[in-house]
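These are the residues of each chain, in order.
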Amino acid sequence: MGVARVGRGSFRWSRGTVAELFSGRNNSLGLLRLLLSVSVLVSHSLILGFGYKEPLARFSQGQTTLGTVAVFGFFVLSGILVTRSGSRLTIGRFIWHRALRLLPGLWACLLVTALLVAPFLFWRQHSNLTGFWDHPHGPLHYLHRNWGAGSREYPISGVMETAKAHGLAYNTSFNGALWSLKLEIFCYLGVAVLVLTGSVLRSRRVVVAVALVLGWLVVADALKHPIRDGAPHAPHGGNLNLPMLGGLSMNWLVYLGLAFAIGALFELYKEHVPVSDPLAALAALVMLGSLHYGAFYALGVPAFAYLLLWLAIRLPRPFQRVGRKHDYSYGIYIYGFVVEQSLAALGGARWGFAAYLGLASAGTLVAAMLSWHLVEHPALGLKDLRSKRQTPSIPAQATGERETTAGVLAGADR
């Protein structure tokens, strides 16, 4: 993509293509993932601690919330990077890498929630643990129902139900944020099918077809109900039941699947996608306009997707250091809901929103740091365990290339 010049000055329609500018570790993906995770945390704090509707829900006339927008952002970024991963790996290594990035942190979070947080809160409520362990929806039942990332069980021994009955909580789920993980895994499986066919790049027309079908469904919803469009109101069927994952909402598969597919198309057609400042400004206007006036999911989500890609490339170099070595975004996402619910059950909301959000943010950050350093990062160290054993020495140039790629893909999904 060339640069158009006007007079003595210059007007840059494009600074190049995504293929030219979005490679290696010189990007701000770490910062974007962190901001998206914090957005989910802030969104939930208003709902869980105070039962309020957040400002974006009012601004968008009920179309969406800040947390939902952030989830769509995660799916776009995952679409880009997971597709990139699939285009470079064999099917076995692709599945292994995705499992290592997602499951160890999740399993640790489930164990901490069920065996430490829940019994502590139950003891604070009842001054003993009588009835906690043998409850029909007790901690072991919770672990059994959720270990496969299906998130089919949210309560634990009535802890949050008791908190709600006492006016301390507004939601009975222990970790409602986990609902999107099984949908993301389903998208990974879609990429895995393309890897299995031999080449993701050769199959990119399949991704185009999928994106067009999903896009047509979303646009059709928006034409009928521009304000009430979105997965909660879509007419695309009930649940798709899969082993381990449980029921997947067809409505959310359509909407989040489109976001993932848009990200995948950015990666598969990166030689043709311009990195354009004017186009990014237009995308921001379209996103804001659709948020307020309607059709956000049909118009605003694609615009938001391009804006995220542009920010990842165009933000100043200092921002590119965020999350490069230590990626706390996934830990913030999976622990934020638990920390906020725990604070609510302990009566933390009575100190006001600022104190509640501050305590929730601090507690979530500590949990995310422990998750990264004790679980996620050690697990990622196993990605190339077999290849290291089989290849005792690697040329210096190849080593540098592999390390650069690993730096990008380590945070490919939340």
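Structure: above.
The model shown is predicted, which means the values in this text are computed figures rather than measured ones.

Student: Let's hear about the packing of helix 8 (residues 181-196) against helix 10 (residues 250-268): which residues, and what values?
Tutor: Running from N to C, helix 8 and helix 10 point in directions that differ by 55 degrees, and their axes come no closer than 10 Å. Taken together, the axis directions place helix 8 and helix 10 in an arrangement best described as oblique. Where helix 8 crosses over helix 10, the two elements pack in a sense that is right-handed. When helix 8 is examined against helix 10, the residues Leu 183, Phe 186, Cys 187, Tyr 188 and Val 191 are found in contact with a partner set consisting of Trp 252, Leu 253, Leu 256, Gly 257 and Phe 260.

Student: Pulling in residues and values, what's your account of the pattern of salt bridges?
Tutor: Across all of its chains, the model carries seven salt bridges by this definition. Across the pair Asp 277 and Arg 15 runs a salt bridge, and its minimum N-O distance is 2.9 Å. Of the two residues, Asp 277 sits in helix 11 (residues 277-293) while Arg 15 sits in the segment before helix 1 (18-21), which places them 262 residues apart along the sequence. Its relative accessible area of 32% is what places Arg 15 among the partly exposed residues.

Student: How would you explain unusual backbone geometry if you had to name every residue and give the values?
Tutor: Not every positive phi belongs to a glycine, and Ser 127 is a case in point at roughly 65 degrees. As for its position among the elements, Ser 127 is in the loop between helix 5 (91-126) and helix 6 (139-146). On the basis of relative accessible area, Ser 127 is assigned to the exposed category, the value being 59%. The phi angle at Ser 157 is positive, at roughly 50 degrees, despite the residue not being glycine. Checked against the element boundaries, Ser 157 lands in the loop between helix 6 and helix 7 (159-165). With a relative accessible area of 4%, Ser 157 lands in the buried category.

Student: So what's going on with the pairing of strand 2 (residues 246-249)? Residues and values would help.
Tutor: With four bridges joining them, strand 1 (residues 239-242) and strand 2 adopt antiparallel strand pairing. Looking at the pairing, Leu 240 lines up with Leu 248 of strand 2. Counted along the chain from strand 1 to the antiparallel partner strand 2, the turn is three residues long, and its residue Met 244 has a positive phi close to 70 degrees.

Student: I'd love a proper account of the packing of aromatic side chains, names of residues and values included.
Tutor: The final tally for this structure, using the stated rule, is 13 aromatic pairs. Measuring from centroid to centroid gives 5.5 Å for Phe 50 and Tyr 52, while their planes differ by 25 degrees, and the two rings are stacked. Taking the relative accessible area as the measure of exposure, Tyr 52 reaches 47% and is therefore partly exposed. The rings of Phe 72, Trp 179, Trp 252, Tyr 255, Phe 296 and Tyr 297 are connected pair by pair, giving a single aromatic cluster. Of note, Arg 98 hangs over the ring of Tyr 188, and the distance from its end group to the ring centre comes to 6.0 Å. Between Arg 204 and the ring centre of Tyr 269, over which it is positioned, the NZ or CZ distance is 4.4 Å.

Criteria and cut-off values
Residues numbered from 1 in each chain as written. Predicted model: local features only at pLDDT ≥ 70, side-chain atom pairs only at ≥ 80, totals over all residues. Heavy atoms only, no water. Axes fitted to C-alpha atoms, helices over the stretch in contact; angles between N-to-C directions. Helix = DSSP H or I, 4+ residues; strand = E, 2+ residues; numbered from the N terminus. Parallel < 35°, antiparallel > 145°, perpendicular 65-115°, else oblique. Left-handed = near helix turned anticlockwise from the far one by under 90°. Contact = heavy atoms within 4.5 Å. Salt bridge = Lys/Arg side-chain N within 4 Å of Asp/Glu carboxyl O. Buried < 20%, exposed > 50% of the residue type's maximum accessible area, 1.4 Å probe, protein only. Pairing = 2+ DSSP bridges. Phe/Tyr/Trp six-rings, centres within 6.5 Å; stacked < 30°, edge-to-face > 60°. Lys NZ or Arg CZ within 6 Å of the ring centre and 35° of its normal.

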